[in-house]
Amino acid sequence: MLIARTGERIPVTLLGSLVLDARERNLGVVHIVHPMSPTPPLSTEAQACLNQLLDIAPDAIIVLDEDQRILTFNTGAQRIFGYRAEEVLGQPLDSLLPPRFVEAHRRHILDFAAVPEASRYMNLRPEVSGRRKDGTEFPAQVSLSKFTEQGQTFFLAILQDITERKQRESALTAIAEVGGLVTAGGDLQTMLDTLARKVAEATGFEGVHIDLYDAEKQEMTSGAIFTTRPMRLLEQLRGAATPLAEAPLLQQLLRTRQYILFEDFQNDPRARSDDRELARQDGVRMGVAWPLLYGGELIGRLDFVSIRPRHLSPEDLSLFSTLADQVAVAVRNAQLFAEAHRRLREVSLLLDVSAAGRASLRADEMLPIILDHLLTGLGVDGATALT
C-alpha cells in the first residue's frame, strides 16, 4: 500500500530484483511498483524510464496476460532464453518451458490466479526449469506476482538462471569426490573412467577426455572418455596412441606447460582438418586442452569439449587448475599402485620358485614345479602347458 501526496491510499504490487555485477556482487535493487487499481496510462517519459529499469535488471522479467501470452520480455529474458523480444511477444509461455512441464505450469498459474495471495515463489516447487531457443534446458528460480488492470488479471514473473550456481555446487561436490580418488589406488582404467565422469560433472562440459603421456615411448595414449551425448570427435580417440612427432598440440604442452584454448574449434587452424569437420558434425563449439603435471613433468592431458560457446572466467580457470592437479595426482598414484602390484607379484613368484627348489633335490621333480610357478605367474595354467 502506498500513500499519495493527496493522502490517497493506493494498493500496489511491489516486485524487487537484485542488480549484480559480473562476479555476482550486489550493486543494488530495482523495485517495480504497479498499482492494483485502474490509473491513467504512463506518460512517454515515465514509460521510457520503466523500460530502462526493466532492461538493466539481470533477471528475466516477463509479463503474461490471462491467456498466459507474453506481453513483456525484457533484455534479461532475451539474454537468458536466447530469443529476441519480437520473436515471443504475443506467443504462449509454453515455448520457454520444457514440454514435460507445460501442462503442470499452466495449472499452477491458473491455481495462483484463483487464490487471494498476490505473489509466490515457484522455486519452492521440486523443480523449475526453463528452455532456451536452442532447446537446452536450465535450472531456474522464479517469483510470480499478479495484478488486475481494468478487470483483467496479469502475471509478472521474475526468473533467475541458476545454472552457474548449480555448477559451482556440483563442482565443489566433484572436487571433494576427485580428491577422495587421489588416495584410493586401485585399477587405473576404472580410476580414469571415474575421473572423466566426475570432471564433466564438475565443469558442465559435454565431453571430457583424459590422455596419458609416456615420456620413454614419447607418445600420448587415450585413457578415458566421457560424453553426455554422441561425440565422434572424442570417440575416434578411444584407445589410440599418438607419437609425439605427430602431435603438435602435445609438443606445445611439453614446451609451455600452459593450457590451450579453442574458442572456435570448428574454424581453428591449430586443430586438424578432420577434427574440425567432426566438430561441425557433432556441434562442438569450443574446447580446452589442459596439461596434467606431476612434479613439474607432463604425465597427460585433460581435454574439455563444449557444444556451447563459453567464456572462461577466472573462477573457471581456477576450477580447471584444481581439477587437473587432483587428476594428475590420482593418475600417478594409480600408476604407482599398478607398478608396486606388478613388482609384488614378481617377488612372490621368485619366493615360490626358491621354496620349490629347497623342497626338492631331484632335478626331474624340481623343474616341473618351477615351470608351473613361472607359467602361473604369467597367467598360464601350468598343468595345461605341460601336457
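All figures in this text were calculated on a predicted structure; none of them were measured in a lab.

Conventions and cut-offs
Residues numbered from 1 in each chain as written. Predicted model: local features only at pLDDT ≥ 70, side-chain atom pairs only at ≥ 80, totals over all residues. Heavy atoms only, no water. Helix = DSSP H or I, 4+ residues; strand = E, 2+ residues; numbered from the N terminus. Buried < 20%, exposed > 50% of the residue type's maximum accessible area, 1.4 Å probe, protein only. Lys, Arg positive; Asp, Glu negative; His and termini not counted. Salt bridge = Lys/Arg side-chain N within 4 Å of Asp/Glu carboxyl O. Contact = heavy atoms within 4.5 Å. Pairing = 2+ DSSP bridges. Axes fitted to C-alpha atoms, helices over the stretch in contact; angles between N-to-C directions. Phe/Tyr/Trp six-rings, centres within 6.5 Å; stacked < 30°, edge-to-face > 60°.

1. Quick notes on the side chain of D65
So, point 1. For D65, the position within the fold is in the loop between β5 (60–64) and β6 (70–73).
So, point 2. Despite being buried, D65 has no salt bridge partner; R69 is the closest side chain of opposite charge, sitting 5.5 Å away.
So, point 3. Once you skip the residues sitting within four places of it in the chain, D65 turns out to touch L71, T153, F154 and F155.

2. As for the pattern of salt bridges
So, point 1. Per the stated rule, a full pass over the model turns up 16 salt bridges.
So, point 2. Put simply, R132 and D161 hold a salt bridge, and the shortest N to O gap is 3.2 Å. Taken together, the residues span a long stretch of sequence, with R132 in the loop between β8 (129–131) and β9 (137–149) and D161 in strand β10 (residues 152–161) at a distance of 29 residues.
So, point 3. Via salt bridges that share partners, R84, E86, E87 and K133 belong to a single interconnected network.

3. Some details on the sheet that holds strand β15 (residues 286–294)
So, point 1. Taken in spatial order, the six strands make up an open sheet running β13-β12-β11-β16-β15-β14, and their pairing is antiparallel. Looking along the sheet, the strands with just one partner apiece sit at the ends: β13 (241–243) and β14 (260–262). With direction set aside, neighbouring strand axes in the sheet form an average angle of 20°.
So, point 2. For β14 and β15, the ladder comprises three bridges, and the chain directions are antiparallel. Bridge pairing in β15 places L261 opposite V288.
So, point 3. Helix α8 (residues 248–256) contacts β11 (207–214), β12 (219–227), β14, β15 and β16 (297–306) of the sheet and is inclined by roughly 125° relative to β16.

4. Topic: the packing of aromatic side chains
One pair of aromatic rings is described through two measures. These are the centre distance and the angle between the planes.
So, point 1. Evaluation of the coordinates by the stated rule reveals 10 aromatic pairs.
So, point 2. Taking 5.7 Å as the distance between ring centres and 70° as the angle between the ring planes, the aromatic pair formed by F205 and F320 counts as edge-to-face. Of this pair, F205 sits in the loop between α6 (188–203) and β11 while F320 sits in helix α10 (residues 314–359), placing them 115 residues apart in sequence.
So, point 3. Overall, F320 belongs to the buried group, its relative accessible area being 1%.

5. Observations regarding unusual backbone geometry
So, point 1. One non-glycine residue, Q68, lies in positive phi territory at about 60°.
So, point 2. Mapping Q68 onto the fold places it in the loop between β5 and β6.
So, point 3. Its identity is not glycine, yet Q218 carries a phi of approximately 55°, on the positive side.
So, point 4. Turning to its location among the elements, Q218 is positioned in the loop between β11 and β12.
So, point 5. Assessed through its relative accessible area of 43%, Q218 is described here as partly exposed.

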